[in-house]
Amino acid sequence: MIQDVLGLMPRPLSWPRINPRHWLAALAMLLVLHSASAQAPTAPVGQPLPANATLDQCVEFALRNQPLVRQSQLDERIAERNVRIGLSYWLPQINGTGVYTRNIQLQASVLPNFADPAAGQQIIRIGLKNVSTIGLQATQLLYSNDVLRAARSVRATRLNYAQTTSLNKIDVVTNVSKAFYDILLTEEQLRILKEDIQRQERQVRDAKAQYEVGIADKTDFLRADISLKNATAQRRSTAASLPGKYATLKQLMGAAPDNKLALSYDTLEMVRQTLLDTTVQLAYEKRVEIQQLQTQKQLQRYNIDYYRYGFLPSLSSFYNYNRVYQNNEFSELYKRAFPNQQAGLQLALPIFTGTRRLQNLKIAELQDEQLDLTIFDAKNQINSEFEQAMGAYKGSLNELYTIEQNVADAKEVYRILNLQYREGLRTFLDVIIAETDLRTAQLSYYNALFNVLSTKLDVQRALGNITFNQNQ
């Protein structure tokens, strides 16, 4: 029987003889290509950090490894597959079917007896006990409102997901930069406190020596020792916060916790980076948030058109080919086929849907109005964000310039008072106060520098000027 079935199928082509090694090589090549296509290149999780990383290197690493960015990129790839699914309905749809039926009791048909009306009606059993059908069905969509909407929204859908990724990258650039500056601020504070401790250690030694020879009072030595202990405690407290800040930066970068991270920076370059053009005007269209809302509004217009033209029919063509096998004996079933074919057009017209289309159309129009209000509110928020960030930047920059002059003055005051103390013209308390003022001014300077760089990032974000490599 199997041979009979195979005899009804087309004969296979005769293939040329090929070396088995060639087959293995071809199979290996196909496996490699399949693996490459199935797994798009992504950054390995937990890859090593660059040695002595600069800010640019930290940002570049974060754009490749930060989980939020990578998830957004995966969402883009998922959206691309969904787009292709929507477009696939425009392609021919081909299905093969195979059915076997055992008619335990054949259907009966009642027919009039034209030859002998007096004999009554004729009861005839139709069909055979064993029926098998092997069929091929092909359909081609010519027009459908559903698939048309999917085709029109392809570009906007891709753009919407890409803009979400851009928003996440902007967050990464901003947060990584601020965490980087925070660590540098702490490092500079530790350096200042170290220098201050070294100065105070000399003062303690000098005060102790003067007390031992009877030149100075014991209170000078005690005051110097208290000031030294306070500075040492402050440095230990600042140093204790540093590992947590490094951990925060690594988390924002998407780096594994066990990776070692060392930063490289130039303080003078940071000072030069504080400058920003404060006369620039705000352009809402540069903000990705506004661009994304406009993309969503375009998608909403496609929804409105979808419901507006929902009364249009869908049209498709079809072709069916079936080979029907019938026989009362199963062993003889596949010896003879009864093929049939059909081709035609199918039109589906929605006549009445209970006003569902009209209600959906009204909902889509109201949602479009909601998007208009969302865009209006977003522009107001962006304007407020810009004004606040610009005001904070100007204030921080003015504070930086003021404290910079204070540092120079504090150094000069400390130098003069220290010399006068050594000559016996000033008390040791004056030196300690000058030392404290100098330390405070130096720490305040780097706090102000961090605030300027941080608020500058906020201004750049408000303006939509934070950029990144589009290939990352």
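Cut-off values and rules
Residue positions are given per chain, counting from 1 as you read along its sequence in written order. Only residues with pLDDT of 70 or above have their local features reported here, since the model is predicted, and side-chain atom pairs are shown and tallied only from 80 upward, although totals for entire chains, interfaces and linings are computed over all residues. Neither water nor hydrogens contribute to the side-chain values; these are computed over all heavy atoms in the structure. UniProt positions are given in the numbering used here, feature names are shortened, and annotations may be inferred rather than shown by experiment. Counting from the N terminus, the helices are the DSSP runs of H or I reaching at least four residues and the strands are the DSSP runs of E reaching at least two. Within this scheme, the nonpolar core is defined by two criteria: the residues are buried Ala, Val, Leu, Ile, Met, Phe, Trp, Tyr or Cys, and they are joined through side-chain atoms within 4.5 Å. Here's how the labels work: a residue is buried when its accessible area is under 20% of the maximum for its type, exposed when over 50%, partly exposed in between, all with a 1.4 Å probe on protein chains only. Residues are treated as being in contact if the distance between any of their heavy atoms lies within 4.5 Å. By definition, a salt bridge exists where a carboxyl oxygen of Asp or Glu is found within 4 Å of a side-chain nitrogen of Lys or Arg. Here a helix's expected span is defined as the number of its residues, less one, multiplied by 1.5 Å. We call two strands paired when DSSP finds no fewer than two bridges between them. Stacked, edge-to-face and tilted labels apply to pairs of Phe, Tyr and Trp rings (six-membered ring for Trp) whose centres lie within 6.5 Å, assigned for plane angles under 30 degrees, over 60, and everything in between, in that order.

## Some words on the UniProt feature "coiled-coil region" (unreviewed entry) in the chain
Next, step 1: Those residues carrying the UniProt feature "coiled-coil region" (unreviewed entry) are residues 183-210 in this numbering.
Next, step 2: Regarding residues 183-210, the helix share stands at 100% and the strand share at 0%, and the terminal C-alpha atoms are separated by 40 Å.

## Here's the deal with the nonpolar core
Next, step 1: Among the nonpolar cores identified, the biggest contains 71 residues, and Val176, Phe180, Tyr181, Leu249, Met253, Leu261 and Leu263 are the most heavily contacted of them.
Next, step 2: Broken down by secondary-structure element, the contributors of at least two residues to this core are helix 3 (55-65), helix 6 (154-212), helix 7 (218-253), helix 10 (356-422) and helix 11 (428-463).
Next, step 3: Take this core: its biggest share by element is 18 residues, from helix 11.
Next, step 4: Apart from residues lying up to four places away in sequence, Leu263 is in contact with Asn52, Ala53, Cys58, Phe180, Ile183, Leu184, Tyr246 and Leu249.

## Structural notes on the pattern of salt bridges
Next, step 1: Summed over the entire model, instances satisfying the criterion amount to 22 salt bridges.
Next, step 2: Note that Arg461 and Asp171 form a salt bridge whose closest N and O atoms lie 2.5 Å from each other. Of this pair, Arg461 sits in helix 11 while Asp171 sits in helix 6, and the two are 290 residues apart along the sequence.
Next, step 3: Since its relative accessible area comes to 22%, Arg461 is described here as partly exposed.
Next, step 4: The residue Glu365 makes a salt bridge to Arg308 at a minimum N-O spacing of 3.7 Å. In this pair, Glu365 sits in helix 10 while Arg308 sits in helix 9 (residues 288-308), placing the two residues 57 residues apart along the sequence.

## Description of helix 6
Next, step 1: Taking 1.5 Å as the rise per residue, helix 6 with 59 residues should run 87 Å; its terminal C-alpha atoms sit 87 Å apart, in good agreement.
Next, step 2: After helix 6 finishes, the residue Gly214 shows a positive phi value of roughly 85 degrees.

## What to know about the pairing of strand 5 (residues 314-327)
For a regular strand, side-chain orientation follows a simple rule: the groups alternate between the two sheet faces.
Next, step 1: Pairing analysis gives 13 bridges linking strand 4 (residues 130-143) to strand 5, with the strands arranged antiparallel. Within the sheet, the bridge partner assigned to Asn130 lies in strand 5 and is Asn327.
Next, step 2: Strand direction decides the pairing type here: strand 5 and strand 6 (residues 337-348), joined by 12 bridges, are antiparallel. Looking at the pairing, Ser316 lines up with Gln346 of strand 6.

## Concerning the packing of aromatic side chains
Next, step 1: Using the criterion set out here, one finds five aromatic pairs in the structure.
Next, step 2: Between Tyr100 and Phe330 the ring centres are 5.6 Å apart and the planes differ by 85 degrees, which places this aromatic pair in the edge-to-face class. On the criterion of sequence distance, the pair formed by Tyr100 in strand 1 (residues 93-102) and Phe330 in the loop between strand 5 and strand 6 is long-range, its members being 230 residues apart.
Next, step 3: Using a relative accessible area of 38% as the deciding quantity, one classes Tyr100 as partly exposed.

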